[in-house]
Each structure stands twice: as C-alpha cells, then as structure tokens.
Amino acid sequence: MENKKYKLGLVGATGLVGRTAIKVLEEKNLPIDEYVFFASKRSCGKEINFKGKKYIVRELTENSFDEGFDFAIFSAGGETSKKYAPIAASKGCIVVDNSSAFRMDKDVPLVVPEVNPEEIAKNNGIIANPNCSTIQAVVALKPLDDKYKIKRIVYSTYQAVS
C-alpha cells in the first residue's frame, strides 16, 4: 500500500511562532512531501533553510491555496486568520489556527491533542487551539478531571509589560 504524502503551508513563517513551528516540523518525520512558507508582503522573498533545502517565503494572498494544500498551520494573528483561513478551508485544506480568531466559534473545534483529540474529526476545515497558557494547564488538569471531576478552576495569567 502506497503512503500518501501531504502538502503543508505555514502562514506566518517569518514570525516568532512561525519560526518555532519550523523548528518543530524539522524535528518531526511527518509524511509531508511539500512545504510552502507564507508571510506578509514585507517578508516575502526571504529565504528559509529547512531540512537542508532553501525555501523562498511567498506572500500570502487570496489565491495562495489555489494549488491544493492538505494542511496549513496559521500563525500570523487573528485578522490574517479571519481573512485567509476560510479561503484555505474552502479549497479543501485543513487549517490549524493558532490565533484567537476561531477559539470561541461554536462551529470550530478547540483542540489540545493530548486532551480532546476526538474533536479534530468535527472540523469543517478549521481547527483552533487555545493560547499557550491554557494548553499547558489543560494538559496537566485532564488526568485530575478524569479522576476527580473538577467543577471549577480559577486561573490567572500575567504578562510582563516591559
């Protein structure tokens, strides 16, 4: 049986989170045959070294997903996700969105794979993930909830201003 190879787009490739995603993708041996890196107009043309190859960052446009992608990771902020994730999904691409754009959308599953992977199947082309603080908390809280049925959590996070 032939293994399918996939095509993945990474939106926000030159940002801090995008660069971290690239490092993680480099460490994994995913069945991805083709990677395409997208960013804003001011970052397009930059070069990314990935898995021993040089890639040129493409500008994200309304036609970026016309060439057929299986998956896209969006990591370029809520406004970019709101505009382009539905376009990508309409072309058959499954989008994993890292922004806040779809976190409260009842039609978009909010998924942390270690906690509720079954929700992935309920996607309509877009999957959201919680923010970084929430992800860490729910991974730790899941076994406690399974055993003791947590009723309420009061959880506060703080970020430095400087």
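One can find the structure itself at the top, above this paragraph.
Presented here is an overview of the structure given in this document.

**A closer look at the overall build of the chain**
Part 1 of the reasoning: In terms of helices and strands, the chain carries 3 helices and 8 strands.
Part 2 of the reasoning: Its helices and strands taken in sequence order, the chain reads β-α-β-β-β-β-β-α-β-β-α from the N to the C terminus.
Part 3 of the reasoning: Taking the principal axes of the C-alpha coordinates as reference, the chain spans close to 50 × 50 × 30 Å.
Part 4 of the reasoning: Out of the 162 residues in the chain, the part that is buried amounts to 35%.
Part 5 of the reasoning: Look at the contacts in the chain between residues 6 or more apart in sequence, and 49% of them connect residues 24 or more apart.
Part 6 of the reasoning: Within the chain, one finds 24 positive and 20 negative side-chain charges whose respective centroids are separated by 5 Å.

**Thoughts on the nonpolar core**
Part 1 of the reasoning: Core analysis: the biggest nonpolar cluster contains 20 residues, and Phe38, Phe65, Phe74, Cys93, Val95, Phe102 and Ile126 have the highest contact counts within it.
Part 2 of the reasoning: Contributions of two or more residues to this core are made by strand 2 (32–39), strand 6 (71–74), helix 2 (78–90) and strand 8 (126–128).
Part 3 of the reasoning: Look past the residues within four positions of Val95 in its chain and what remains in contact with it is Ala72, Phe74, Ala85, Ala88, Ala89, Gly125, Ile126 and Ile127.
Part 4 of the reasoning: If you look at the next biggest cluster of nonpolar residues, it comprises 14 residues, including Leu8, Leu25, Ile32 and Tyr35.

**Topic: the side chain of Lys7**
Part 1 of the reasoning: With respect to the helices, strands and loops of the structure, Lys7 is situated in strand 1 (residues 6–11).
Part 2 of the reasoning: For Lys7, a relative accessible area of 9% gives the class buried.
Part 3 of the reasoning: Setting aside chain neighbours within four positions, we find Lys7 in contact with Glu34, Val36, Glu67, Gly68, Phe69, Asp70 and Phe71.

**Comments concerning the state of the cysteines**
Part 1 of the reasoning: Inspection of every chain in the model, using the stated rule, returns 0 disulfides.
Part 2 of the reasoning: With no disulfide partner, Cys93 has as its closest neighbouring cysteine sulfur the one in Cys44, 20 Å distant.
Part 3 of the reasoning: The exposure class assigned to Cys93 is buried, which follows from its relative accessible area of 1%.

**Description of the sheet that holds strand 8**
Part 1 of the reasoning: Spatially, the 6 strands line up as an open sheet ordered 5-2-1-6-7-8, and their pairing is parallel. The outermost strands of the open sheet, each flanked by one partner alone, are strand 5 (58–59) and strand 8.
Part 2 of the reasoning: Bridging between strand 2 and strand 5 involves 2 bridges; their strand directions are parallel. In the strand pairing of strand 5, Phe38 is matched with Arg58.
Part 3 of the reasoning: Against the sheet, helix 1 (residues 16–27) makes contact with strand 1, strand 2 and strand 6, and its axis sits at roughly 155° relative to strand 1, the strand it touches most.
Part 4 of the reasoning: In this fold helix 2 packs onto strand 1, strand 6, strand 7 (94–97) and strand 8, with an angle of close to 175° to the strand it touches most, strand 6.

Reading guide: rules and limits
Residues numbered from 1 in each chain as written. Predicted model: local features only at pLDDT ≥ 70, side-chain atom pairs only at ≥ 80, totals over all residues. Heavy atoms only, no water. Helix = DSSP H or I, 4+ residues; strand = E, 2+ residues; numbered from the N terminus. Buried < 20%, exposed > 50% of the residue type's maximum accessible area, 1.4 Å probe, protein only. Contact = heavy atoms within 4.5 Å. Lys, Arg positive; Asp, Glu negative; His and termini not counted. Charge placed at Lys NZ, Arg CZ, Asp CG, Glu CD. Core = buried A, V, L, I, M, F, W, Y, C linked by side-chain atoms within 4.5 Å. Disulfide = S-S within 2.5 Å. Pairing = 2+ DSSP bridges. Axes fitted to C-alpha atoms, helices over the stretch in contact; angles between N-to-C directions.

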